[in-house]
Amino acid sequence: MSAWKILLTDGLEDNGKEILRASAVVDDRPGITADELLQVIGEYDAVIVRGRTKITPAVLDAARKLKVAGRAGVGVDNIDLKSAKEHNVIVVNSPIATTVAVAELALGLMLSICREIPRADATMKAGKWIKKELEGVELYGKTLGVIGFGRIGSAVAARAKAFEMKILAYDPLIPADEILKRGGEPVSMDELLAKADIITMHMPLTADSKNILNADAFGKMKKGVYVICAARGGVIDEEALLAALNSGQVAGAALDVFAAEPPGQTDLVAHPRVIDSPHIGAQTIEAQARAANDISEEVLNALNGKPLRWKVA
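Report on the accompanying structure.

About the criteria used
- Residues numbered from 1 in each chain as written.
- Predicted model: local features only at pLDDT ≥ 70, side-chain atom pairs only at ≥ 80, totals over all residues.
- Heavy atoms only, no water.
- Buried < 20%, exposed > 50% of the residue type's maximum accessible area, 1.4 Å probe, protein only.
- Helix = DSSP H or I, 4+ residues; strand = E, 2+ residues; numbered from the N terminus.
- Pairing = 2+ DSSP bridges.
- Right-handed = clockwise from strand over helix to strand, strands pointing away.
- Salt bridge = Lys/Arg side-chain N within 4 Å of Asp/Glu carboxyl O.
- Polar contact = N/O pair within 3.5 Å; in protein donor to acceptor, adjacent residues only side chain to side chain.
- Axes fitted to C-alpha atoms, helices over the stretch in contact; angles between N-to-C directions.
- Contact = heavy atoms within 4.5 Å.

### With respect to the pairing of strand S6 (residues 143–147)
In terms of residue burial, S6 counts as a mostly covered element, since five of its five residues are buried. Of the two faces of S6, the one lined by Thr143, Gly145 and Ile147 and the one lined by Leu144 and Val146 are each fully buried. As paired strands, S6 and strand S7 (residues 166–170) are joined by five bridges and run parallel to one another. Pairing of Ile147 across the sheet is with Tyr170, part of S7. The parallel pair S6 and S7, bridged by helix H7 (residues 151–160), forms a crossover whose chirality is right-handed.

### As for the pattern of salt bridges
Scanning the model with the defined rule gives 17 salt bridges in all. A salt bridge links Arg119 to Glu116, with the nearest nitrogen and oxygen atoms 3.1 Å apart. Taking the relative accessible area as the measure of exposure, Arg119 reaches 33% and is therefore partly exposed. When its relative accessible area of 23% is taken as the criterion, Glu116 is described as partly exposed. In this structure, Lys166 and Glu185 form a salt bridge, with 3.9 Å as the shortest nitrogen-oxygen distance. You can see Lys166 sitting in strand S7 and its partner Glu185 sitting in strand S8 (residues 185–186), a full 19 residues away along the chain. According to the relative accessible area criterion, Lys166 is partly exposed, its value standing at 43%. One continuous salt-bridge network, built from bridges that share partners, spans Glu116, Arg119 and Glu133.

### As for the environment of Asn304
In this fold, Asn304 is placed in the segment after helix H12 (285–303). For the pair Asn304 and Trp4, spaced 300 residues apart in sequence, the C-alpha to C-alpha distance is 9.7 Å. Within the structure, Asn304 has its side chain in polar contact with the backbone oxygen of Leu300 (distance 2.9 Å).

### Observations concerning the sheet that holds strand S2 (residues 25–28)
Whenever strands of a sheet pair, they do so through backbone hydrogen bonds, lying parallel or antiparallel. Strand order in this open sheet of five strands is S2-S1-S3-S4-S5, and the pairing throughout is parallel. Two strands close off the open sheet at either side, each with one partner strand: S2 and strand S5 (90–93). Adjacent strand axes in the sheet meet at a mean angle of 20 degrees when their direction is disregarded. For strand S1 (residues 5–8) and strand S3 (residues 46–49), the ladder comprises three bridges, and the chain directions are parallel. Counted as the bridge partner of Leu7 is Val47 from S3. In the packing of helix H1 (residues 14–21) onto the sheet, the strands contacted are S1, S2 and S3, and the crossing angle to S2 comes to about 145 degrees.

As structure tokens, then:
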């Protein structure tokens with residue numbers, strides 16, 4: 001066995017732990033605090049996190065042996081990439097493991113908000129029969145605007161086509177011909193906002209995407225639009241969304257992610273035309289097993305100087 005030491009801070013499925021333990025010493029410390037992490041990170045050659053643990057410049061300063069930081073999932077906004085590069089720490093993730101799970105959740109949220117499924121269930125359980133109040137809208141024939149047309153966005157589009165939806169796609173990082181190949185009609189952001197009946201978000205949180213749906217964007221949308229977000233918290237200006245809901249500009253929103261997590265019982269979370277879920281996009285048995293397998297293999301490859309599939313920085 002090599003002398004590699006690997007720290008798991010947010011848990012990992014057993015199949016991933018088995019892969020790691022065949023080649024390294026693994027310490028599994030789910031729930032480790034930020035202060036505790038600072039105290040022990042200097043002992044490790046690699047760390048694997050999910051979305052909870054923050055790999056900050058202070059952590060990287062203390063990580064004198066660290067060679068690799070792995071994210072079991074897609075988004076790496078909880079890892080300071082600039083500081084990682086300065087410290088010669090490789091950052092890898094497992095971007096394809098959760099694609100199906102997140103895409104399916106986005107469609108589930110879409111159906112739920114358009115047909116008021118959670119309200120129907122809650123009122124039935126409360127002994128009420130409010131059939132006449134539950135008049136929803138169909139996905140059939142609607143225009144779906146997909147903001148971010150990478151793996152997940154295009155997977156959502158492929159599934160939405162089964163409902164015979166028209167797909168508009170905006171992604172400044174993907175050429176128009178590639179968007180067409182993936183099944184979307186490439187459009188500008190303004191055109192998407194103006195034409196979409198339903199908008200779904202599928203991009204990472206960056207300086208460019210932060211609050212990309214703001215008050216100005218909501219003002220350009222069709223009145224009565226539905227907004228779905230299973231991307232990253234922070235891509236929607238939540239105060240602007242609340243105002244748009246209250247004015248009727250947005251008919252409903254379904255949110256799996258929030259700027260602050262957990263968000264608490266905010267006016268947005270409690271809004272009667274909002275469906276909330278606690279960042280469960282990747283929370284399927286299958287996705288977690290794939291993520292554990294992929295990130296474990298990638299971290300070991302990085303430690304051993306082998307070719308990498310998903311190097312982020």
